[in-house]
Amino acid sequence: MDSVKMHKFYLNNRYIVLDVNTGAVHVVDKIVYEILDYYGEKDLDEIKKMFKGTYGEKAVEDVYNEIDELVKEGLLFSEDIDISNFKYNEDNVVKAMCLHVAHDCNLKCNYCFASQGNFKGERTLMSLEVGKRALEFLAKNSGSRRNLEVDFFGGEPLMNFQLVKDLVDYGRQLEKEYNKNFRFTITTNGILLDDEKIDYINENMENIVLSLDGRKEVNDNMRKTINGEGSYDIILPKFKKMVEKRGDKDYYIRGTFTSKNTDFSKDALDFYKNGFKKISIEPVVTPEEMDYALREEHLDGVLDEYEKFSREYLNIKKKDKDFYFFHFMIDLTQGPCIVKRAVGCGAGSEYLAVTPEGELYPCHQFVGEKEFVMGNVFDGIKNTNLRETFKKANVYNKEECRVCWARFYCSGGCHANSYNAHKNLNKAYKLGCDMEKKRIECAISILANLNDQED
C-alpha cells in the first residue's frame, strides 16, 4: 500500500499544503491549491486548458513551474524514507518514569481509567523503599542521558506527600552520584493543596498538571468528591493561588471532554477567563457502552468544535501570546529525528510506570492490566518480549499509519488507546486518529496566521 505524500486543506483563511515525509509546510494561493490536484497526473498543456478560463495560461504555467521547483528541491511529493527495520533504543535506555505514589484518591471521577485511584487493586501508598529503588533504577538504566523526567502520579499523589518530598531529596542525592538531573513534575486534583504544599511544589517541580474539567457544571457532573458533591468550588481557588504564585514556571490545567460537553471550547475559554494561560482538554477514552463515551456519532460535532475553537484561540493569541492550548502547539521544524517521530512517546521502552508495590508497566494507562507487568524496580525488566513488542509498535508496523498523512506528527497515536479499542497495539484507534488529524490542521493553520502577523 503506497503512503500518501501530500496533504492539503483550507482552514482559518489559509490554503495549506503539507509535504508528509519532510514535514515542509507551504501556505499557498488558491491557484496553487487547485492545480496541485492534477500535478503529476496531467501534463502542463492539459492543466493550462483546464484553468485558462479561471486564471489564464501564463499564471497557470508559472504556478506549475513553481511546483516543479519545489518537487526538485525535495519539498513536495518527497519520497518516504523506509526505516521499517530501524533499531530503536537498542541499549534500552530509560529516560522517564511515572511514580504511582498513591493508589488512592479523594475524588470519584465518573470516567477515571484508574478505577477511582486503585487501578483495579487494593488502595495502597508507595513506600520510601520502593520509591528510592525506582529512582535508582532510572539513574542506573538511563545510559548517558543526563536529564531524567519523574512524574508523581496517582490516584492523588498529595495523599502521600511526605513520600514525594522524601523522594525529591533522594533524587538530589542521586544526581551527584550519577551525574544526572531529575526534573520532577506532579499531577494533582488539588483537593489537598494548602499554602505549604503550593510553595513546596512551586519550588521543586519543573511542571505541574492541574486536573479540572472546565465550567463548574461540567466539572461537577463528572468530578465529584467522595461524598458525591461537586469539587469545582473547592479546587478552583487553590489552583488560582498555585498559578499566581508559580510565576513563569511551567504548568498546565487539564480537562477531559466527554459526550456530555462536546462544546469543550466553552470549558477552555472558562479556564482562560479564570486566569489560566496553559491549558489542555483531552477527549475521554472509555468503553462505548458508557453514556458519556465519545462515539462515531459525536465525531462531526467534535471536529467542528476544534475548528471553532481554533478561530477563537487565534483571536486571543494575537492579543495574548502567552495563551497556549496544548493540542494547538506544533513544531514545524519537525524537531526530533525521523526515528523518534515514528515511535512516539516511548512507552514500554524509554518510559515506564511504577506501582506502589514496585511493579513496572509500559505507562500509567496500562497499570492494573496484569498481562502488561514488565518486571519490578528490585529485579529490573523481566518481560523483555513485551518490551520488544512496544519498541516495534511504530508507524511502519501499523497498516493505517503507513498511509496516513499525519503519521509523523502523532507518531502512531496512544498505545493504550489502541489496546483499549482493539486489544492490539498495532491497530489505530480511529476516533482518536480523526480528532488528532483535525487538531494538527488547526495547529498548522494557527501558526500560518501568526507567522503572517509577525511578517
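Model, not experiment: these values are computed from the prediction.

Peer 1: Go over the sheet that holds strand 13 (residues 278-283) with me, naming the residues and quoting the values.
Peer 2: Reading across from one edge, 14-13-12-10-9-8-4-15-16-17-18 is the order of the 11 strands in this open sheet, with mixed pairing throughout. Each edge of the sheet is formed by a strand with only one pairing partner; in this case those strands are strand 14 (324-325) and strand 18 (380-381). Relative to strand 17 (residues 375-376), strand 16 (residues 359-361) runs antiparallel, the two sharing two bridges. Of the residues in strand 17, the one forming a bridge with Leu360 is Gly375. Against the sheet, helix 9 (residues 265-273) makes contact with strand 12 (252-257) and strand 13, and its axis sits at roughly 160 degrees relative to strand 13, the strand it touches most.

Peer 1: How would you sum up helix 4 (residues 128-140)? Please name residues and give values.
Peer 2: In a regular helix each residue adds 1.5 Å, so 13 residues correspond to 18 Å; helix 4 covers 18 Å between its end C-alpha atoms and thus fits that length. Listing the buried residues of helix 4 in full gives Val130, Gly131, Ala134, Leu135, Glu136, Phe137, Leu138 and Ala139.

Peer 1: Before we move on, could you go through a nonpolar patch on the surface and cite the residues and values that matter?
Peer 2: Residues Tyr324, Phe326 and Met329 make up a contiguous nonpolar surface patch of about 290 Å² in total accessible area. By the secondary structure assignment, Phe326 is in the loop between strand 14 and helix 11 (338-343).

Peer 1: Break down the pairing of strand 2 (residues 14-19) for me, citing the residues and quoting the values.
Peer 2: When you tally the buried positions in strand 2, you get five out of six residues, the bulk of the element. Once strand 1 (residues 6-11) ends, the chain turns through two residues before running back antiparallel as strand 2, passing Asn12 with a positive phi of about 50 degrees. Bridge count for strand 2 against strand 3 (residues 25-28) is four bridges, and the pairing is antiparallel. Along strand 3, the bridge assignment pairs Leu18 with Val25. In this antiparallel pair of consecutive strands, strand 2 and strand 3, the connection spans five residues, and Gly23 shows a positive phi of 85 degrees.

Peer 1: Can you explain the sheet that holds strand 1? Please cite residues and give values.
Peer 2: Spatially, the three strands line up as an open sheet ordered 1-2-3, and their pairing is antiparallel. Each edge of the sheet is formed by a strand with only one pairing partner; in this case those strands are strand 1 and strand 3. Each neighbouring strand pair of the sheet contributes to a mean axis angle of 20 degrees, computed without reference to strand direction.

Calculation criteria
Residues numbered from 1 in each chain as written. Predicted model: local features only at pLDDT ≥ 70, side-chain atom pairs only at ≥ 80, totals over all residues. Heavy atoms only, no water. Pairing = 2+ DSSP bridges. Helix = DSSP H or I, 4+ residues; strand = E, 2+ residues; numbered from the N terminus. Contact = heavy atoms within 4.5 Å. Axes fitted to C-alpha atoms, helices over the stretch in contact; angles between N-to-C directions. Expected span 1.5 Å × (residues − 1). Buried < 20%, exposed > 50% of the residue type's maximum accessible area, 1.4 Å probe, protein only. Patch = residues over 30% accessible without salt bridge, like charges linked within 9 Å, V, L, I, M, F, W, Y side chains within 5 Å. Areas by Shrake-Rupley, 256 points an atom, 1.4 Å probe, with all protein chains shown as cover. Salt bridge = Lys/Arg side-chain N within 4 Å of Asp/Glu carboxyl O.

Nothing here speaks to function; it is geometry throughout.
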